[in-house]
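# Descriptive analysis of the structure
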Amino acid sequence: MTDTPSLPEGYEITTDPGRVDRARVHHWLSTDAYWALGRSREKQDRAIEGSLNFGVHETVSGEQVAYARVITDRATFAWLCDVYVDPSVRGKGVGSALVAAVRDEMRQYGVRRVLLATHDAHGVYAKLGFAQLERPEHWMALVFASEGRHTLGNS
């Protein structure tokens with residue numbers, strides 16, 4: 001059984017792309033998220049445009065306090081990424097409610113599998129139904145060198 005956390009009073013979740021505070025999201029990710037440090041604004045904007053975006057906003061001020069992005073065909077597969085909760089609201093259940101909203105939205109589409117990668121939040125995601133891959137040896141990845149990094153032959 002998985003948790004279905006409630007969003008704390010005074011907050012709302014939306015998938016309206018017009019409500020994404022792009023500058024704020026870029027600042028969060030490019031300066032404080034280990035997986036996106038140094039990401040350019042242009043690259044972040046392209047990622048937002050090509051994804052289903054979830055934002056948590058304060059209902060009174062409209063200020064965005066959390067973000068998650070899903071890359072999906074809305075039929076068979078989804079990749080949850082760029083989950084970020086502003087430090088000022090961490091510990092209030094905002095992040096758990098956000099990920100539960102993503103999970104529930106993907107379930108409505110009939111998506112079979114939602115993947116994610118995390119370095120340090122396995123327990124948070126496990127409470128919401130995520131588990132390690134049963135057969136990781138079946139999965140592969142094509143990884144390109146990051147910006148500013150060199151691979152063999154490109155030095």
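Summarised in this report is the structure supplied together with it.

Attention shifts here to the packing of helix α1 (residues 22-32) against helix α2 (residues 41-49). Orientation of α1 relative to α2, taken along the N-to-C sense of each, is 115 degrees, at an axis distance of 10 Å. In the crossing of α1 with α2, the sense of the turn from one axis to the other is right-handed. Listed contacts from α2 to R22, A23, V25, H26 and L29 of α1 are R41, Q44, D45, I48 and E49. Residues that form the contact of α1 with α2 fall into these classes: four nonpolar, two polar and four charged.

This part takes up α1. Inspection of α1 places V25, H26, W28, L29 and S30 among the buried residues, and these make up the whole buried set. Turning to α1, the residues buried within the fold contact α2, β3 (64-72) and β4 (77-85).

What follows is about the pattern of salt bridges. What the rule picks out here adds up to 13 salt bridges. Note that R22 and E49 form a salt bridge whose closest N and O atoms lie 3.2 Å from each other. Within this pair, whereas R22 is found in helix α1, its partner E49 is found in helix α2, the two being separated by 27 residues in sequence. With a relative accessible area of 25%, R22 lands in the partly exposed category. For E49, a relative accessible area of 58% corresponds to the exposed category. For R39, the salt bridge is made with D82, and the minimal N-O distance between the two is 2.8 Å. One end of the pair, R39, is in the loop between α1 and α2; the other, D82, is in strand β4, with 43 residues separating them in the sequence. Comparing R39 with D82 shows no difference in burial state: the two are buried. Several salt bridges converge on common partners, so that one network encompasses R22, R41, D45 and E49.

This brings us to the packing of aromatic side chains. Taken as a whole and judged by the stated rule, the model has three aromatic pairs. Residues Y34 and W35 carry aromatic rings whose centres are separated by 5.0 Å and whose planes lie at 85 degrees to one another, so their mutual orientation is edge-to-face. A relative accessible area of 37% places W35 in the partly exposed class. Seen from the ring of Y84, R90 lies directly overhead, with NZ or CZ sitting 5.1 Å from the centre.

A grouping of I71, F77, W79, L133 and W139 is seen on the molecular surface, where their side chains present a nonpolar patch of about 410 Å² in accessible area. Position of I71 relative to the elements: it lies in strand β3. Overall, the relative accessible area of 38% leaves I71 in the partly exposed class.

To continue, consider the pairing of β3. Counted residue by residue, β3 has seven buried out of nine residues, so it is predominantly covered. Note: strand β2 (residues 52-58) against β3, six bridges, orientation antiparallel. By the bridge assignment, F54 is partnered in β3 with A68. Between β2 and β3, which follow one another and run antiparallel, lie five residues, and G62 among them has a positive phi close to 80 degrees. Examined bridge by bridge, β3 and β4 share six bridges and lie antiparallel to one another. Across the sheet, the residue bridging to R69 is C81, located in β4. Counted between consecutive antiparallel strands, the loop separating β3 from β4 contains four residues, among which R74 sits at a positive phi close to 60 degrees.

Rules and cut-offs
Residue positions are given per chain, counted from 1 along the sequence in the order it is written. Residues qualify for local features only when their pLDDT is at least 70, as the model is predicted, and side-chain atom pairs are given and counted only at 80 or more; totals for whole chains, interfaces and linings, by contrast, use all residues. Working from all heavy atoms in the structure, the side-chain values ignore hydrogens and water. Simply put, an axis is a line fit to the C-alpha atoms, just over the touching stretch for a helix, and the angle between two N-to-C directions goes from 0 to 180 degrees. Helix and strand assignments come from DSSP, with helices taken as H or I runs of at least 4 residues and strands as E runs of at least 2, each series counted from the N terminus. Two helices crossing with the near one rotated counterclockwise from the far one by less than a right angle form a left-handed crossing, whereas a clockwise rotation gives a right-handed crossing. Residues are treated as being in contact if the distance between any of their heavy atoms lies within 4.5 Å. Throughout this entry, Asp, Glu, Lys and Arg are counted as charged residues, while Ala, Val, Leu, Ile, Met, Phe, Trp, Tyr, Cys and Pro are counted as nonpolar. The remaining residues, Gly among them, count as polar. Throughout, exposure labels follow a simple rule: accessible area from a 1.4 Å probe, protein chains only, divided by the maximum for the residue type, with under 20% read as buried, over 50% as exposed, and the rest as partly exposed. Between Lys or Arg on one side and Asp or Glu on the other, a salt bridge is scored when a side-chain nitrogen of the former is within 4 Å of a carboxyl oxygen of the latter. To pair, rings of Phe, Tyr and Trp, with the six-membered ring standing in for Trp, must have centres within 6.5 Å; the planes then decide the type, stacked if under 30 degrees apart, edge-to-face if over 60, and tilted in the middle. In this scheme, Lys NZ or Arg CZ marks a charge over a ring once it lies within 6 Å of the ring centre and within 35 degrees of the ring normal. Surface patches are defined over residues having more than 30% relative accessible area and no salt bridge, joining like charges when they lie within 9 Å and nonpolar side chains (Val, Leu, Ile, Met, Phe, Trp, Tyr) when within 5 Å. Note on areas: Shrake-Rupley, 1.4 Å probe, and residue coverage restricted to the protein chains presented here. For two strands to be treated as a pair, DSSP must find no fewer than two bridges joining them.

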